[in-house]
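Architecture at a glance
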Amino acid sequence: MSGPAPVIVEFTHAGATLIAEERGAGHPVFVLIHGIGMGRTVFGGLIDILTEHGRVVAIDQPGYGDAPEPPRTPTMERTADLVAAYLRSRDHGPAIVIGHSMGTQVATELAVRHPAQVERLVLVAPTVDASARRVAPQLWRLFRDLAPENPLVLYRGAREYLRAGPNLRRKLHAMLAHHPELSYPRVSAPTLVIRGADDRVCPRSWCTTVSATVPGARYTEVPGHRHETMIRDPQEAAVRILAFVAD
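Described below are features of the structure shown in this document. In this text the structure is predicted, and so the values were computed from the model without any measurement. (Residues numbered from 1 in each chain as written. Predicted model: local features only at pLDDT ≥ 70, side-chain atom pairs only at ≥ 80, totals over all residues. Heavy atoms only, no water.)

Turning next to the overall build of the chain. The secondary structure content of the chain amounts to eight helices and eight strands. Of all 247 residues assigned to the chain, the portion counted as buried reaches 57%. A separation threshold of at least 6 residues defines the contact pool for the chain, and within that pool the share at least 24 residues apart is 76%. For the chain, the exposed area adds up to about 10100 Å²; of that, 55% sits on carbon and sulfur atoms. (Helix = DSSP H or I, 4+ residues; strand = E, 2+ residues; numbered from the N terminus. Buried < 20%, exposed > 50% of the residue type's maximum accessible area, 1.4 Å probe, protein only. Contact = heavy atoms within 4.5 Å. Areas by Shrake-Rupley, 256 points an atom, 1.4 Å probe, with all protein chains shown as cover.)

Dropping the structure here:
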């Protein structure tokens, strides 16, 4: 990647640590929050696109990517508090907060608990479908979604899941214990919900329910994409995000 080297920041708050990679400059500030088993590196292609339009802050949540494992797995709410504290420490708010999969749960809580930090909210492949808040259905859906994926997505996903370490089970529990549908009606930021049209993890019925529950939210689908729509060929998702921000 051309341009200045990224700024890597390790930030600790209330006993948990995140790693943030910052690229680009100016306004708006895009904050990228990854899903379960992932890390900031899966956003490489999206970062390349968004840095042409502002500053990009890609987060490794505690216990993911390069961020150290915390003594206790934080809830979605506590992770949101950590991200908010980081954004305040860097004077980055209000920001365009983009969450993918489990990251949408953190992003939603960030918008609800710390609205001054969120200019706009983008929920890509929002979890967890309230009708399938159990481990077995979630893993089966993920397997069916990933089975036909291309090798790049599978490689990146496998690498990050291994880095997430032996505590992935309790992280999955923290994700499933959270009820985002209780927070959606309290979101005040303009919101865009994006779904890959072939996503088997997040059914259309659930994603349209999310967009109907968040006040004034918009909904869009990316044809030919599955759950990892921001990882494999992120151009289409980026076009929708940038149009939403410019509107």
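The structure having been displayed, the exposition proceeds.
Right, let's talk about the side chain of serine 183 for a bit. Looking at where serine 183 falls in the secondary structure, it is placed in the loop between α6 (168–177) and β7 (191–196). What makes serine 183 buried here is its relative accessible area of 5%. For serine 183, the side chain forms a polar contact with the side chain of glutamate 109, separated by 2.7 Å. Apart from the residues lying within four places of it in its own chain, the contact partners of serine 183 are Thr108, Glu109 and Val112. (Polar contact = N/O pair within 3.5 Å; in protein donor to acceptor, adjacent residues only side chain to side chain.)

Our next topic: the packing of helix α2 (residues 76–89) against helix α3 (residues 102–113). At a minimum axis separation of 8 Å, α2 and α3 run at an interaxial angle of 65 degrees. Handedness of the crossing formed by α2 with α3: right-handed. Across the interface between the two elements, Met76, Glu77, Arg78, Thr79, Ala80, Asp81, Val83, Ala84 and Leu87 of α2 pack against Met102, Gln105, Val106, Glu109, Leu110 and Arg113 of α3. Residues belonging to the contact of α2 with α3 are distributed by class as follows: eight nonpolar, two polar and five charged. (Axes fitted to C-alpha atoms, helices over the stretch in contact; angles between N-to-C directions. Left-handed = near helix turned anticlockwise from the far one by under 90°. Nonpolar A, V, L, I, M, F, W, Y, C, P; charged D, E, K, R; others polar.)

This part covers helix α7 (residues 204–213). Structural remark: α-helix, 3.6 residues per turn; residues separated by three or four positions point the same way. Turning to α7, its buried residues are Trp206, Cys207, Val210 and Ser211. What you see down the axis of α7 is that its buried residues fit within an arc of 135 degrees, all on one side. Pointing more than 90 degrees away from the buried face of α7 are the exposed residues Ser205 and Ala212. Among the structural elements, β6 (118–124), β7 and β8 (218–222) are those in contact with the buried residues of α7. (Arc of directions from axis to C-beta.)

As a further point, take the sheet that holds β7. One open sheet accounts for eight strands, arranged β1-β2-β4-β3-β5-β6-β7-β8; its pairing is mixed. In this open sheet, the two edge strands, each paired with only one partner strand, are β1 (7–13) and β8. Sheet twist, expressed as the average angle between the axes of neighbouring strands with direction ignored, equals 20 degrees. Both β6 and β7 contribute to a ladder of four bridges, which runs parallel. (Pairing = 2+ DSSP bridges.)

In this section: the environment of valine 201. Inspection of the secondary structure assignment puts valine 201 in the loop between β7 and α7. Valine 201 gets classed as buried once you look at its relative accessible area, which sits at 5%.

What follows concerns the pairing of strand β2 (residues 16–23). Buried residues dominate β2, accounting for eight of its eight residues. With seven bridges joining them, β1 and β2 adopt antiparallel strand pairing. By the bridge assignment, valine 9 is partnered in β2 with alanine 20. Between β1 and β2, which pair antiparallel one after the other, the connecting turn spans two residues, and alanine 14 there sits at a positive phi close to 55 degrees. Pairing analysis gives five bridges linking β2 to strand β4 (residues 55–60), with the strands arranged antiparallel. The residue bridging glutamate 21 from the neighbouring strand is alanine 58, located in β4.

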